[in-house]
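# Structural description and commentary
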Amino acid sequence: TVIHERPSNPGAGDEDRPIGFGRIQRKEDPRFVRGKGHYLDDIVLPGMLHGAILRAPVAHARLVSIDTTNALAHPKVVTVITGKDLLGLKLAWAPTLSADVQAVLVTDKVRFQGQEVAFVVAEDRYAARDALELIDVEYDVLPPLVDARKALDPDAPVIRDEIEGRTDNRIFDWEIGDKAETEAVFASADVVVSQEIVYPRVHPAPMETCGAVADYEPVEGRLTLYETTQAPHAHRTLYAIVAGIPEHKIRIVSPDIGGGFGNKVGIYPGYILAVVGSIVTGHPVKWVEDRSENLMSTSFARDYIMQGEIAATKEGKILAVRTNVLADHGAFNATAQPTKNPAGFFSIFTGSYDLKAAYCTVTGVYTNKAPGGVAYACSFRVTEAVYLVERLVDILARKLEMDPAELRLKNFIKPEQFPYANKTGWIYDSGNYEPAMRLSMQLAGYDELRREQKEKRARGELMGIGVSFFTETVGAGPRKHFDIVGLGMADGAELRVHPTGKAVVRISVQTQGQGHETTFAQIVAEELGIAPENVDVVHGDTDQTPFGLGTYGSRSTPVSGGAVALVARKVREKAKLIAAAMLETRPEDLEWEKGRWFVKGDPSVGKTIAEIAMGAHGTVALPEGIDGNLDAEVTYDPPNLTFPFGAYICVVDVDPGTGHVKVRRFIAVDDCGTRINPMIIEGQVHGGLTDGVGMALMEIIEFDEAGNCLGGSFMDYLIPTAMEVPDWETGFTVTPSPHHPIGAKGIGESATVGSPPAIVNAVVDALAPFGVTHMDMPCTPARVWAAMQGRARPP
Ligand code: MCN
Ligand code: CUN
C-alpha cells in the first residue's frame, strides 16, 4: 500500500500530460462546456411525432373504463394507445430485470400513483400533453398499501392479484450466512446491541430525465431506438425477446447521458410505448418524461427496514452481525440486479471486520409504490449494507464507551488475511485498512477535533464527529456467478490502430458523466505508449460496439477496463510480430518500451506503434497467420469482483435552537487500487459525497396514507447544492487488485456508499448529550429537533 496525501482541489491548469495514467483533463469536456453535448432531447428526426403518458392519479384502483374519443378528436392527435390495444399486441406486460413482469399500460388495476394508463401520440409535445386531459378514465378506488410492515398482514390488499393463485404480497425470502453458528456466537457474547435502522426510499434524480426516440422502418423491419440507457446491449436483447423483432435489426443508440446513477438501467414503459407508437403511426416517436414523472415513476433506491444486531466482547472485539430486512420493492419487482442476488450485494453487511459469524434474511414485498430499488450509486445495495454495519458499530462504541475510530481499528481484517473469505461467501481481493483509517484521522486532526468537541459540549454547543469505514464489492461478473436475465456479466472490447497510428477502442459500457472517453483512452495509451488524444473511445451504439452488459455497480473499470487493457496488450503482441518482420529479426530478440519495440542491445533500431501500424497496412511481408492490420478484440470475464474501500470522517455542527445540521468538514480517504485519472476519481468522490449529504440530511420519497407520493417535485424532494456541502478534503491509499489486469478497482459509487453513515454518525454524536443513540435519515431540522426532545418523529 502506498499512502499519499494529495491536497484536494488542486485546481485547473495542471500541466501534467502523461502518456497513460495521470491527471489529464477530460476529452469530453470541450463539447459539454460549449453546449455541444448531444442529449436525447436534442434528437430530431424527419416527421417525428411526440408521445405523452397519462398517469394514474391514485395509488390503487380498479380500472373501470377509458374513453379516448375526445382526445382522438384533437386536431393534432395522431393516435391514443391504451392497455387494451397492448393486450392485442401481447405487449401489455413486459418482463422486468428481476424475473417479474410490469404493466406497460394499466389493463386491470392501477398499482401505484403515477402508473402509466394511456399513451397519446401527437404532432407536438404540447398537443400530446393537452390531449391527456381529454381522456376520460373511470377508477374504482381501492385501499392502498403503503407501509411495507403491513404488506404481509393477512388482511392486506393483494396488489398483484393478476397473478393466478397469489394471495399475499411476498416477493421473495432470502437468507445467507450460518444461522446456528451466528446464534451460538450471539449467545456467548458479552455485549449485544440491537437497533432498527431504516434506509428510506430515495431517488437518483439525474439532471436529465429518461426518454426515448423510436424509429421503426417497416419495409426492412428495422428499429432504431435512441434511449437514455446505461446498458444498450442488454436492452437490445430484451427488446428482441419481448417485441419479437430480430436482434440484428434492432439498433440501440445511447447518446450523451445527463447523469444515470442507476436510474437508467431498467426498461421503462415509456421506452416501449415510443416503439409501439412508431410501429403504429409509421413515424418516429419521441417520448421524454418531465421531472415529476421521473421522481414518481422511475427506479427509486433503498427502502430497506433493517433489524440489526451486533455482538462483541466487553473489550470491543466484534464477533458477529445479524439482520432481518424488510425490502419494499413497490408494485412490480423491477430491480436491476444479478439473478442470484435478490437483495443485490447486501450480503457484504459484514463490513470491513474480521467476524466469527454473520447471518441475514431479506424478505421482499410488494406495496402500492413505484417499482425499482437498485439505483443511486448503490453498488447493488452495498449502500444499505454499509449503512447498517457502520451504524451498528457506532452504537456498539457508545455502549462500550469506546472511541468509534479505535473500535474500528481494533476489528479490521488484517492485511495478511487477504484474500479474505467473509462469512457470507465473498472473497475480498485485497485490502489494507489501517493505513487508510490512520490517514483520514491524520488529515482530520482527529484528536484535536475530539478536544474541541469536549470544550464545546461543556459550553452547550452541539458538535459531532462521525466515522465510517466501508468495503464495497464492485465489478460483476464473473459471468458464471452473475447474470442479468440470463445474460452473463462480461464485456467485450475492440481496438483498431489505423495506418497512421491513431486508434479507436470500442467498448460495451456507457458513460453517463464518469469520463470514459478519457480514462479508457488512457488505458490504451498506457499499454501502447501512444498519446490519449490519439485514441478515440466509441460507446453507446450497439451497431458500433461489441456485446457487453453495460455500466452499473461501478463495473466499467473492473470489467470493461480489464477488457481494454487486455485488447491493447493483444495489439502490442501482434505489433511485436510485425515489428520483427519489418526489422528482419526474431520476435524474441525484441524488447518493449512505452510506444516502441526495439532490438535488444541496440535501442536505436526499433519501430514505434505508428510505424508498425503503417507496416501492417503496407507492403511488408507479414508472418504466417498475421492479418494485415493492427486490430484485436477480446471479451473479458473477470475472475472476481474488486473490493475498494475507504475511511471517512465527518464533522457537523447542530444548531440547538432549530436542529439544523451543518456539515462543517468532510475528510474522505479512498482506495480504488491503481488510479487511472486522479482528477476524475476526485470528481467521482466529490459527487458521491454530495449525494451522501443529500440522503443523510434532505432526501426522502414518502407517501401519505392514501398512497400519494410526497416527493414528486424538487420543491418536496430536496437535493443538495453547493450551499449545503463543505469543501471536500480527500486523500487516498493505493492497494491494487491482484487479479485485475491493471490493478484497478471501481470508484464510481464509493462515496455515495460510505458517506451517509459518516454523516448520520456525526449527527448522532452531536446529539449524545440528549441521550440520542440513533436516528433515521434524513436528519432534517424537524427530525433532529424532535430527537432532541426525545421523540422518534416530529409531531
Ligand atoms: N477510474 C479511475 N481509476 C480507478 C477507477 C475508476 O480513473 N481505479 C475512473 C474510471 O475510468 C471512470 C470513473 O473513474 O472514468 C468511474 O469508474 P468506475 O468506478 O469504473 O464506475 P463506472 O464507470 O462503471 O460508473 C458507474 C458508477 C455508477 S454505478 C453510478 S450509479 C454513478 C457513478 O458511476 N453514476 C454516475 N458515477 C457517476 N458520475 C456521473 N457523473 N454521472 C453518473 O450518472
Ligand atoms: Cu446502484 S446505481 Mo449504479 O449501479 O448504476
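All chains use their own residue numbering, which begins from 1 and follows the written sequence. Whichever chain is written first becomes A and whichever ligand is written first becomes 1, with later ones labelled in order. With pLDDT at 70 or above as the cut-off, local features in this predicted model cover only qualifying residues; side-chain atom pairs require 80 or more to be listed or tallied, and sums for whole chains, interfaces and linings still use all residues. Heavy atoms from the whole structure form the basis of all side-chain values; hydrogens and water molecules are not counted.

## Describing the coordination of the copper atom of ligand 2
So the rule is basically this: With water omitted from the atoms examined, metal sites may look incomplete; donors here are N, O and S atoms no farther than 2.8 Å from the metal, or 3.2 Å in the case of Na, K and Ca. Numbered from the N terminus, helices here are DSSP runs of H or I no shorter than four residues, and strands are runs of E no shorter than two.
The protein gives the copper atom of ligand 2 a lone donor atom, C378 (SG), placed 2.3 Å from the metal. As for its position among the elements, C378 is in the loop between strand 19 (372-373) and helix 9 (382-400).

## Things to note about the sheet that holds strand 26 (residues 503-507)
Counted only if it meets this: Two strands qualify as a pair provided that DSSP identifies no fewer than 2 bridges between them. The axes are straight lines fitted to the C-alpha atoms, using for helices just the contacting stretch, and the angles between their N-to-C directions are given from 0 to 180°. Residue contacts follow a heavy-atom distance rule, with two residues in contact if any of their heavy atoms lie within 4.5 Å.
Spatial ordering of the open sheet is given by 27-26-25-31, a layout of four strands whose pairing is mixed. Looking along the sheet, the strands with just one partner apiece sit at the ends: strand 27 (535-538) and strand 31 (630-636). Mean inter-strand twist for the sheet, computed between neighbouring axes without regard to direction, equals 15 degrees. Of the strand pairs in this sheet, strand 25 (residues 491-497) and strand 31 are connected by seven bridges, and their pairing is antiparallel. Residue pairing across strands places V497 opposite L630, the latter belonging to strand 31. Helix 13 (residues 516-528) rests against strand 25, strand 26 and strand 27 of the sheet, and its axis sits at about 130 degrees to strand 27. On top of the sheet, helix 15 (residues 609-617) reaches strand 25 and strand 31; it is set at about 105 degrees to strand 31, its chief contact.

## A short note on the site of ligand 1
So the rule is basically this: Only a single heavy atom is needed: when it lies within 4 Å of a molecule or strand, its residue is near that molecule or strand. Two N or O atoms form a polar contact when they lie within 3.5 Å of each other; inside protein one atom must be a possible hydrogen donor and the other a possible acceptor, and for residues adjacent in sequence the pair counts only when both atoms belong to side chains. Using the Shrake-Rupley algorithm and a 1.4 Å probe, accessible areas are obtained, with residue cover drawn only from the displayed protein chains.
If you check the shell around ligand 1, you find 33 residues, and the closest are G260, Q514, H516, T557 and I747. For ligand 1, an oxygen atom lies 2.6 Å from a polar atom in the backbone of Q514. Here a nitrogen atom of ligand 1 and a backbone polar atom of T674 are 2.7 Å apart. With the chains in place, 95% of the 840 Å² that ligand 1 exposes on its own is no longer accessible. Counting residues per element, the ones that place at least two in the shell around ligand 1 are helix 13, helix 14 (556-583) and helix 16 (678-697).

## Describing empty space enclosed by the protein
Formally: The pocket and cavity definitions rest on a 1 Å grid over protein atoms only: a 1.4 Å probe that fits but cannot leave marks a cavity, an open set with protein on both sides within 12 Å along at least five of seven lines marks a pocket, and residues lining either have an atom within 4 Å of a point. Grid points are joined across faces, edges and corners, and a volume is the space filled by probe spheres set on the points.
Overall, the coordinates contain four cavities of 30 Å³ or more when judged by the stated rule. Here the second largest cavity is characterised by a volume of approximately 50 Å³. Around the second largest cavity sit L97, A231, A234, H235, L238, V265, I484, L549 and Y552, which together line it. Ranked by residues supplied to the lining of the second largest cavity, first place goes to helix 6 (residues 232-243) with three residues.

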